[in-house]
Amino acid sequence: MLALDRVGKTYPNGVHALERFSARIKPGEIVAIIGGSGCGKSTLLRAIAGLDRASTGTVTLDDAAITAPHAKIGIIFQEPRLLPWLSVADNIGFGLSDLPADIRREKVDRALTRVGLADKAKAWPRELSGGQAQRVAIARALVPQPEVLLLDEPFSALDAFTRRDLQDHLLDLWKDTRPTLILVTHDVDEAVVLADRVLVMRPRPGRLFEVINVNLARPRDRASPLFENFKRHVLTALDRSLDRNIPDADPKSMAGEAMWW
Amino acid sequence: MLHSSARRVLAMTMSAELHVTRERADAIAAPPASARLRRYARPALGLLLPLGLALFWELWVWLGYSNGRLVPPPTKIFATVMELAKSGELTRHITATVSRVAAGFGLGVVAGTVLGAISGYWGLARQLLDPTVQALRAIPSIAWVPLFILWLGIFETSKIALIAVGVFFPVYLGVMGAILAVDRKIVEVGRIFRLSGPAMIRRILLPAVLPAYVVALRVGLGLGWMFVVAAEFMGASEGLGYLLIDGQQLGKPAQIVAAIVIFAILGKTTDWLIEVATAPLLRWQDAFGRQSGAA
């Protein structure tokens, strides 16, 4: 259980990026966080990852407070961030250096096959396409078997076709160990195709605006009327979140709603 | 009629295609020969100009258009080198110069690497140290010569110190700049996998800094060769710099040019050694030169 309790962040330069964000996310759940720019999505994700400490509130994973990067929490960034001096295989095994070499090799081999890049094991990152590099980044994050995987706009730099392909691939990989996925995105289609729950945030300061449960069986048909319906629902919430005339919901009931699943 | 001509055209196209395919297959089989040619022909192209000039000058003097007294022809330079080599003088001079460069380069690299790493890694140390180093860097290094001679004497120590000073600055700047330029996003990957301080240095910082470090070493070595000449000008009894001064004072231009040629060969060789020794560590680099096959 990942619990966010009134997480807030004010940067040293005075920017109030995030205010009193609360949510409880159960193991294996897929949550999409969506919102306009400056709504604190990435700030929130970095606080969960332990890369930046929250100014107020707490992040806890199974009752352990997260203040620094944690072994059970992995992250995939917008860019693959592969280490250019390591081969594809060594990049995937980067987080496994504590394991004996033979076990590490076996896990890396399996991951390489799983993301369809077995023939690229010895290639350098520069020799990969954008989509392939992001696959390697996904494999690198999943190989240590995190309980929570954070994704910070992971497919936004890719073309539409590759993006769809990787979204489906991510869901497929997720089925192996069913980690909790928390996905920051600005792509409504991506949020609805992947998430069990979409958290819509509103900017300045970033805060939770609306929670939408996507009760659709997987695999989801992007062309189905129900899918379109959920997309419209999220889009409407996004539009409303940017309208200054609409007040925030009562914080107490919001917290309650966010906790509901 | 029309029908048959169309068919002929079709047949021609097909045979042309077949031809192209066969050609392509040949091209795939052929590369070794043409690649080998390219590999050896390109450096040879660079030799064309100096060899041509040398040959021209040799002929010019041989034909009697010049006496070649101030600019000796290649054969005379070669004879001088052989003469020096036969008497064992050449080995002695080369050994003296190379050992000075080696000692000075070693000291300069160690000091530059350590201080550069400290300045790059700790902000406080950089604020304390860097302004002073930058101020010292602004001093033309030759200006130290009189002081070094007073402090360290006229013999080896002052010479090595001067070379070390020359090597220090590019290495210091290279290391510090490279550490400061390490991508924060890559460092974050290390943080996510919870690398300890030493592991972060070993697995992220060192490999990230290496390409710039190799460049700094090569620049430093170049300066080392430059400063050994200056050092040997200030009263040496052996070394290639001594050969230069000796050649000037006794009016032996062939000896001067011989020493210059040997400097060029040594400088290029040592630079090449660094390049070859570090190449396996830098194979991952996405270098422009490598892609276009210039390497």
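Keep in mind that what you see is a predicted model, and the values were worked out from it rather than measured.

Draft legend 1. Quick look at the overall build of chain A. Along chain A, the regular secondary structure elements total eight helices and 10 strands. Out of the 261 residues in chain A, the part that is buried amounts to 54%. Counting contacts in chain A only where the partners sit at least 6 residues apart, residues at least 24 apart contribute 70% of the total. As displayed, chain A offers around 11900 Å² of accessible surface, 51% of which is attributable to carbon and sulfur atoms.

Draft legend 2. Broad picture of the packing of aromatic side chains. Counted by the stated rule, this structure contains 10 aromatic pairs over all chains. On the basis of an interplanar angle of 75° and a centroid distance of 5.7 Å, the ring pair of Phe94(A) and Phe193(B) is categorised as edge-to-face. Of the two residues, Phe94(A) is situated in the loop between helix 2 (88-92) and helix 3 (101-114) and Phe193(B) in the loop between helix 8 (184-192) and helix 9 (197-233); the pairing between them involves two chains. The exposure class assigned to Phe193(B) is buried, which follows from its relative accessible area of 19%. Here Tyr121(B) and Trp122(B) contribute two aromatic rings whose centre-to-centre distance is 5.2 Å and whose plane-to-plane angle is 90°, an arrangement assigned as edge-to-face. One aromatic cluster in this structure is built from Phe56(B), Trp60(B) and Tyr65(B).

Draft legend 3. Region of the structure containing the sheet that holds strand 6 (residues 73-76) of chain A. Residues and elements named next belong to chain A. Pairing within the open sheet is mixed, and its six strands lie in the order 6-7-8-3-9-10. The strands lining the two open edges of the sheet, one partner per strand, are strand 6 and strand 10 (207-213). With direction set aside, neighbouring strand axes in the sheet form an average angle of 20°. Bridge count between strand 7 (residues 148-152) and strand 8 (residues 180-185): five bridges; the pairing is parallel. Counterpart to Asp152 in the pairing with strand 8 is Val184.

Draft legend 4. Structural detail: the pattern of salt bridges. Scanning the model with the defined rule gives 25 salt bridges over all chains in all. Lys231(A) serves as the salt-bridge partner of Asp189(A), at 3.2 Å between the closest nitrogen and oxygen. In this pair, Asp189(A) sits in helix 6 (residues 188-194) while Lys231(A) sits in helix 7 (residues 225-242), placing the two residues 42 residues apart along the sequence. Here Lys231(A) falls in the buried class, since its relative accessible area comes to 19%. With a shortest N-O distance of 3.0 Å, Arg218(B) and Asp271(B) are connected by a salt bridge.

Draft legend 5. The arrangement of the pairing of strand 9 (residues 197-202) of chain A in detail. Residues and elements named next belong to chain A. Counted residue by residue, strand 9 has six buried out of six residues, so it is predominantly covered. Residues Arg197, Leu199 and Met201 point to one face of strand 9 and Val198, Val200 and Arg202 to the other, with burial holding for every one of them. Of the pairings in the sheet, the one linking strand 3 (residues 30-35) to strand 9 comprises five bridges and is parallel in character. Opposite Ile33, over in strand 9, you have Leu199 as the bridge partner. Linking strand 9 back to strand 10 in an antiparallel pair, the connection comprises four residues, with Arg204 at a positive phi of about 50°.

Draft legend 6. Representation of the side chain of Arg135(A) in the model. Residues and elements named next belong to chain A. Tracing the backbone through its elements, the reader meets Arg135 in helix 4 (residues 130-142). Here Arg135 falls in the buried class, since its relative accessible area comes to 16%. When near neighbours in sequence (up to four residues on either side) are disregarded, Arg135 contacts Val115, Leu117, Asp165, Leu166 and His169.

Draft legend 7. View of helix 5 (residues 160-177) of chain A. All names here are of chain A. Helix length check: helix 5, at 18 residues, gives a terminal C-alpha distance of 27 Å against a target of 26 Å (1.5 Å per residue), a fit within 8%. Within helix 5 the residues assigned to the buried category are Thr162, Leu166, Gln167, His169, Leu170, Leu171, Leu173 and Trp174. Each element contacted by the buried residues of helix 5 is listed here: strand 3, helix 3, helix 4, strand 7, strand 8 and helix 6. Backbone geometry just downstream of helix 5 places Arg178 in the positive-phi region, at approximately 45°.

The rules we used
Residue numbering note: each chain is counted from 1, following its sequence as written. Starting at A for chains and at 1 for ligands, labels are handed out in the order in which the entities are written. Side-chain atom pairs in this predicted model are given and counted only at pLDDT of 80 or more, local residue features only at pLDDT of at least 70, and totals for whole chains, interfaces and linings cover all residues. Side-chain measures here rest on the full set of heavy atoms in the structure, leaving out hydrogens and waters. For the purposes of this entry, the term helix denotes a DSSP run of H or I that reaches at least four residues, the term strand denotes a run of E that reaches at least two, and both are numbered from the N terminus. Buried, partly exposed and exposed residues are distinguished by accessible area as a fraction of the type maximum, computed with a 1.4 Å probe on protein chains only: under 20%, between the cut-offs, and over 50%, respectively. Throughout, a contact is declared for two residues whenever any of their heavy atoms are within 4.5 Å. Values of accessible area rely on a 1.4 Å probe in the Shrake-Rupley scheme; residue burial ignores everything except the protein chains shown. Each Phe, Tyr or Trp ring (for Trp, its six-membered ring) is paired with any other whose centre lies within 6.5 Å, and the angle between the two planes then decides the class: stacked below 30 degrees, edge-to-face above 60, tilted in between. Note on pairing: DSSP must find at least two bridges between two strands before they are called paired. Axis angles are defined between N-to-C directions and span 0 to 180 degrees, where every axis is a line fitted to C-alpha atoms and, for a helix, only to the segment in contact. The working definition used for a salt bridge is a side-chain nitrogen of Lys or Arg within 4 Å of a carboxyl oxygen of Asp or Glu. Helices are assigned an expected span. That span is 1.5 Å times one less than the residue count.

Geometric values such as these leave the question of function open.
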